[in-house]
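Spelled out from the first residue to the last, the chains are:
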Amino acid sequence: MDIISQLQEQINQIAGIAFNTFGTLQRDAPPVRLSPNYPEPPANPTEDAANFAEQPKLMSAALVKAAKQFDALVAALPLAEGGEEAQLKRIAELQSENDAVGQDLQRQLEAAEKELKQVQELFSQAADNCLNLKKPN
């Protein structure tokens, strides 16, 4: 897998961890009284306070680990050599190479279409001869 694909995969992993972390915190957070004017919120008897206290630590550790892996992948990216002018020159070279290959492919496509048309005509003649049961000239 190339480095860009690895970076994309790592970003997806970070997003997934963040999504799950926020959802878990939202789901499992104990109710909080917003104002003295409101009644005391009911306690959730299924909540384990010790487990809830550990979850944010574990999830944040996973998020930090994924971020560090992302940073390591970014550090592994090749540095641009020669500055902006060299990059622009290389882009121009690649573009001209791409244009040449594109023209070659276009010629090959036209030749293939011409050959396909000839084969279709021959097939049509052969089918007509078979259907008409007449001998070819």
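Cut-off values and rules
- All chains use their own residue numbering, which begins from 1 and follows the written sequence.
- Local features in this predicted model are restricted to residues of pLDDT 70 or higher, and side-chain atom pairs are both shown and tallied only at a pLDDT of 80 or more, whereas totals for entire chains, interfaces and linings draw on every residue.
- Only heavy atoms go into the side-chain values, all of them from the structure, while hydrogens and water stay out.
- Residue-level confidence of the predictor is what pLDDT reports, using numbers from 0 through 100.
- Counting from the N terminus, the helices are the DSSP runs of H or I reaching at least four residues and the strands are the DSSP runs of E reaching at least two.
- Each domain's limits were defined by an automated method or a database of domain assignments.
- UniProt positions are given in the numbering used here, feature names are shortened, and annotations may be inferred rather than shown by experiment.
- Within this document, salt bridges are pairs made up of a side-chain nitrogen of Lys or Arg and a carboxyl oxygen of Asp or Glu, the two lying within 4 Å of each other.
- Relative accessibility thresholds used throughout: buried, under 20% of the residue-type maximum; exposed, over 50%; partly exposed, between the two (1.4 Å probe, protein chains only).

**As for the confidence of the model for the chain**
Mean pLDDT over the chain: 86, with 91% of residues reaching 70 or higher. Helix 3 (residues 83-132) holds the highest mean pLDDT among the elements of the chain, 93, whereas helix 2 (residues 49-75) holds the lowest, 86.

**Brief notes about the domain arrangement of the chain**
Its domain assignment divides the chain into domain 1 (1-78) and domain 2 (82-136). Computed over C-alpha atoms, the centres of domain 1 and domain 2 are 53 Å apart.

**Description of the UniProt feature "coiled-coil region" (unreviewed entry) in the chain**
Following the UniProt record, one finds the feature "coiled-coil region" (unreviewed entry) at residues 91-129. Secondary structure across residues 91-129 comprises 100% helix and 0% strand; the distance between its end C-alpha atoms is 56 Å.

**Description of the pattern of salt bridges**
Should the charged atoms of two oppositely charged side chains come close, the side chains can pair. Inspection of every chain in the model, using the stated rule, returns 3 salt bridges. A salt bridge links Asp28 to Arg27; the nearest nitrogen and oxygen atoms lie 2.7 Å apart. Of the residues examined, Arg27 reaches a relative accessible area of 59% and is grouped as exposed. Residue Asp104 is joined to Arg107 by a salt bridge in which the shortest nitrogen-to-oxygen separation is 3.7 Å. Of this pair, Asp104 and Arg107 both sit in helix 3, separated by 3 residues, roughly a single helical turn. Relative accessible area serves as the criterion here: at 34%, Asp104 is assigned to the partly exposed category.

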